[in-house]
Amino acid sequence: MKKLIINGIIVTASDTYQGDICIENGVITAIGKSLSPEGAEVIDASGRYVFPGAIDPHTHLDMPFGGTVTKDDFETGTIAAAFGGTTTIIDFCLTNKGEPLQTAINTWHAKAKEKAVIDYGFHLMIGEITDEVLQELPKVIQEGITSFKVFMAYKNVFQADDGTLYRTLLEAKKLGALVMVHAENGDVIEYLTKQALAEGNTDPIYHALTRPPEIEGEATGRACQLTGLANSQLYVVHVSCREAVQKITEARNAGFDVWGETCPQYLVLDQSYLEKPNFEGAKYVWSPPLREKHHQEALWTALKNGQLQTLGSDQCSFDFYGQKDLGKDDFTKIPNGGPTIEDRVSILFSEGVKKGRISLNQFVDITSTKIAKLFGLFPRKGTIAVGSDADLVIFDPYVERVISARTHHMAVDYSTFEGMCVTGEPVSVLSRGEFIVRDKQFVGKPGQGQYVKRAQYGSALASKENVTVL
Ligand code: URP
Ligand code: ZN
Ligand code: ZN
Ligand code: ZN
């Protein structure tokens, strides 16, 4: 049925204006003032913002990791995402060495198909470059997986060597894919963690102390240099510190095609959380780790100046009881990651827009538009325009609320942001014209999310956009 969203303040990455949005067959068919309501269900958005559905470029749902499996799967994870204003996710498909890439991709489709309530795509992890991998990659691109992930850390688990990263960059250039890196020096981390354990330092705080910012800055710089050498393209995930921002900025200023993402936890939490008593610090174990507070300012400045361009959640949730506590006597056994998919957008709005650190249009760009452009989803997703999917968020910018595990929709037993007061909340969320959340109630159904094939890298990026404004 035709829908008409009237009187909302429509916000895109470039404009803010009052207007009506007409939706038919899942797409936006008209935008204007006083559109005819004939034959349409009318939704009044007076006093509210209407944003393009947010896109989360970094999730780990139903993923085996650290001797366990992430608690949120494609059902609970995408329901929570929708409550938070996210209408598309791109999840990381893990591969195993020696196994066909297609086997891994099929596994990920099976995890998502019957469960997702919003649209989804996949990135593909590259752990090795073999003749078989090289042969399969063109088909991977045809299937709409146009981004490859290389881990420079997690030694003996996911870590790839520099040769593999370099060859992945070369292949990505040929095929039109974006290479994503987890940039930390895994070899040095291994040395530092062994040393810490040998000295009897087993508490969660040692997770952070054995992965200092230099470890991230060094790996980020190395990945940037290899990208320049390969004349390829790079997206650095979960940037946590000033050192990494500096390397990305230098690379961009040198004309390299390099992009950076940060995550809400690095913007608002700091290293002291790892020192919470009663092993509670384990809730705050991420790689890279939370940093000393002064790094937050570098991240906010980089978002404002365009040196970092996107916000991902890095949703990777584990219960405190029964999962995080695997590392009770040894910080290296604490599963890395936390629940963040639901609060990513609200935190950027509240801490970013409301506190004057970024503009409203930048907020839309950082949570949606730029991600759509980088990952081959634009203009189908990432904006409010005639012909785009009607993925829309009706947002109350004034409501104040306190984030808590008691009210969140993720399946985990704690909240990363417990007790934090935020301003602004999605009221209703539509995916391809259908309500998923309506007046803060879930009205979607598992399986209604669709797999999205993504276009090759670069199609939606104007070359002039890749210039850092200092
Ligand atoms: O600690 C983290 N970031 N867990 C998720 C896996 C990853 O490295 O992105
Ligand atoms: Zn990572
Ligand atoms: Zn410092
Ligand atoms: Zn991640």
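What counts and how
Residues numbered from 1 in each chain as written. Chains lettered and ligands numbered in written order. Predicted model: local features only at pLDDT ≥ 70, side-chain atom pairs only at ≥ 80, totals over all residues. Heavy atoms only, no water. Helix = DSSP H or I, 4+ residues; strand = E, 2+ residues; numbered from the N terminus. Buried < 20%, exposed > 50% of the residue type's maximum accessible area, 1.4 Å probe, protein only. Contact = heavy atoms within 4.5 Å. Areas by Shrake-Rupley, 256 points an atom, 1.4 Å probe, with all protein chains shown as cover. Lys, Arg positive; Asp, Glu negative; His and termini not counted. Charge placed at Lys NZ, Arg CZ, Asp CG, Glu CD. Donors = N, O, S within 2.8 Å, 3.2 Å for Na, K, Ca; no water. Expected span 1.5 Å × (residues − 1). Polar contact = N/O pair within 3.5 Å; in protein donor to acceptor, adjacent residues only side chain to side chain. Near = heavy atom within 4 Å. Nonpolar A, V, L, I, M, F, W, Y, C, P; charged D, E, K, R; others polar. UniProt positions renumbered as here; feature names shortened; annotations may be inferred. Pairing = 2+ DSSP bridges. Axes fitted to C-alpha atoms, helices over the stretch in contact; angles between N-to-C directions.

A.B. asks: Can you tell me about the overall build of the chain, naming the residues and giving the values?
C.D. replies: Tallying secondary structure elements over the chain gives twelve helices and 19 strands in all. For the chain, the proportion of its 470 residues judged to be buried stands at 63%. If you take every contact in the chain between residues at least 6 apart in sequence, the share linking residues at least 24 apart comes to 76%. Surface exposure of the chain reaches about 17,200 Å², of which carbon and sulfur atoms provide 49%. For the chain, the separation between the mean place of its 46 positive charges and that of its 59 negative charges on side chains is 3 Å.

A.B. asks: Account for the coordination of the zinc ion (ligand 3), with residues named and values stated.
C.D. replies: The coordination sphere of the zinc ion (ligand 3) contains the protein donors E292 (OE) and H294 (NE2), at a distance range of 2.4 to 2.6 Å. The class of E292 is partly exposed, set by a relative accessible area of 45%. Residue classification places H294 among the partly exposed positions, given a relative accessible area of 41%.

A.B. asks: Could you give me a rundown of helix α4 (residues 162–175), with the residues and numbers involved?
C.D. replies: The periodicity of an α-helix, 3.6 residues per turn, causes residues three or four places apart in sequence to face the same way. Its 14 residues give α4 an end-to-end C-alpha distance of 20 Å, which sits within 8% of 20 Å, the value for a rise of 1.5 Å per residue. Tucked into the core, α4 has its buried residues touching α3 (131–142), β11 (147–151), β12 (178–182), α7 (213–230) and β13 (233–236). A positive phi of about 80° marks G176, the residue just after α4.

A.B. asks: Explain the environment of D319 to me, using residue names and the numbers behind them.
C.D. replies: Position of D319 relative to the elements: it lies in the loop between β15 (310–311) and α11 (344–353). With a relative accessible area of 12%, D319 lands in the buried category. For D319 and S415, which are 96 residues apart along the polypeptide, the C-alpha to C-alpha distance reads 9.8 Å. Excluding anything up to four places from it in sequence, D319 contacts K71, K324, A411, V412, D413 and Y414. Among the polar contacts made by the side chain of D319, one reaches the main-chain amide nitrogen of D413 at a distance of 2.8 Å.

A.B. asks: Please set out the site of ligand 1 residue by residue, giving values where relevant.
C.D. replies: The environment of ligand 1 is formed by H58, H60, F65, Y154, H182, H238, W286, S287, D314, C316, N336 and G337. Contacts to ligand 1 include S287, whose backbone N or O atom sits 2.8 Å from an oxygen atom. One of the side-chain nitrogen or oxygen atoms of D314 is found 2.6 Å away from a nitrogen atom of ligand 1. Split into classes, the residues belonging to the shell around ligand 1 amount to four nonpolar, seven polar and one charged.

A.B. asks: Would you mind going over the side chain of K111 in detail, with residue names and values included?
C.D. replies: In this structure, K111 sits in helix α2 (residues 101–112). At a separation of 2.7 Å, a polar atom in the side chain of K111 contacts the main-chain carbonyl oxygen of D62. Excluding residues within four positions of it along the chain, K111 makes contact with D62, P64 and F74.

A.B. asks: Go over the UniProt feature "domain: Amidohydrolase-related" (unreviewed entry) in the chain with me, naming the residues and quoting the values.
C.D. replies: UniProt marks residues 49–434 with the feature "domain: Amidohydrolase-related" (unreviewed entry), using the numbering shown here. Between the C-alpha atoms that bound residues 49–434 the distance is 18 Å, and the span itself is 36% helix and 19% strand.

A.B. asks: Can you lay out the sheet that holds strand β6 (residues 54–59) for me, pointing to particular residues and giving the numbers?
C.D. replies: Taken together, the eight strands give an open sheet; going across it, the order is β6-β9-β10-β11-β12-β13-β14-β15, and neighbouring strands pair in parallel fashion. The open sheet has two free edges, formed respectively by β6 and β15, since each of these has just one partner strand. In the packing of helix α8 (residues 242–253) onto the sheet, the strands contacted are β13 and β14 (257–262), and the crossing angle to β14 comes to about 155°.

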